[in-house]
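Observations on the model geometry
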Amino acid sequence: MVERSDEYIIGRLIERIRLLIATSEDIPVDTKLQTQPMLKEFQSAVSVAPAEQDQARARGQYAFLYRELEEYPDLEALLYALRNFLPYLK
C-alpha cells in the first residue's frame, strides 16, 4: 500500500469538492459561482508549508465554504474530512 502525505490527501479532497460542485445539478449556479473561486483561494492558502499558512484566513475561507455547502451531504462530508488534516479548522 502506498503511503500518501497529508498535503496530497488535502489536495485530492479539494479536487473532489471542486468536481462535485461543478457537476452537481442540485447546487444553484450562484452558489457555484461564489464557492469555486473561494475554493481555489482556500487551496492556495493550505498548499504552502504549514508554518507559512495564514490559519486565520484559511479558517475564514473554510467557514464560508462550509456555510454555503453544508446542505449537500457529500460536500459536507468532504469538507468535514479536511479537519482531520488541518486541525486548526475545527
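Just above, that's the structure.
In this text the structure is predicted, and so the values were computed from the model without any measurement. (Residues numbered from 1 in each chain as written. Predicted model: local features only at pLDDT ≥ 70, side-chain atom pairs only at ≥ 80, totals over all residues. Heavy atoms only, no water.)

Moving on, we come to the environment of V46. By secondary structure assignment, the location of V46 is in helix 2 (residues 29-46). Considering only alpha carbons, one finds V46 and Y8, 38 residues apart in sequence, at a separation of 11 Å. Ignoring any residue separated from it by four or fewer positions in sequence, one finds V46 in contact with I10, I14, Q53, A58, L86 and Y88. (Helix = DSSP H or I, 4+ residues; strand = E, 2+ residues; numbered from the N terminus. Contact = heavy atoms within 4.5 Å.)

Another point: the packing of aromatic side chains. Each aromatic ring pair is summarised here by two numbers: the centre-to-centre distance and the angle between the ring planes. Per the stated rule, a full pass over the model turns up two aromatic pairs. Ring geometry for F42 against Y62: centres 6.2 Å apart, planes inclined by 40 degrees, an arrangement best described as tilted. Linking F42 in helix 2 with Y62 in helix 3 (residues 55-69), this pair joins segments that are 20 residues apart in sequence. In this pair, the class of F42 matches that of Y62, namely buried. Between R83 and the ring centre of Y66, over which it is positioned, the NZ or CZ distance is 5.3 Å. (Phe/Tyr/Trp six-rings, centres within 6.5 Å; stacked < 30°, edge-to-face > 60°. Buried < 20%, exposed > 50% of the residue type's maximum accessible area, 1.4 Å probe, protein only. Lys NZ or Arg CZ within 6 Å of the ring centre and 35° of its normal.)

So, on to the pattern of salt bridges. Inspection of every chain in the model, using the stated rule, returns two salt bridges. Of the charged contacts, one joins R18 and E15 as a salt bridge, the two residues approaching to 2.8 Å between their closest N and O atoms. Residue R18 and its partner E15 are both found in helix 1 (residues 6-23); the two are separated by three residues, about one turn of the helix. You can call E15 partly exposed: its relative accessible area is 39%. Here E41 makes a salt bridge to R57, at a shortest N to O gap of 3.6 Å. With E41 in helix 2 and R57 in helix 3, this residue pair connects regions lying 16 residues apart in the sequence. (Salt bridge = Lys/Arg side-chain N within 4 Å of Asp/Glu carboxyl O.)

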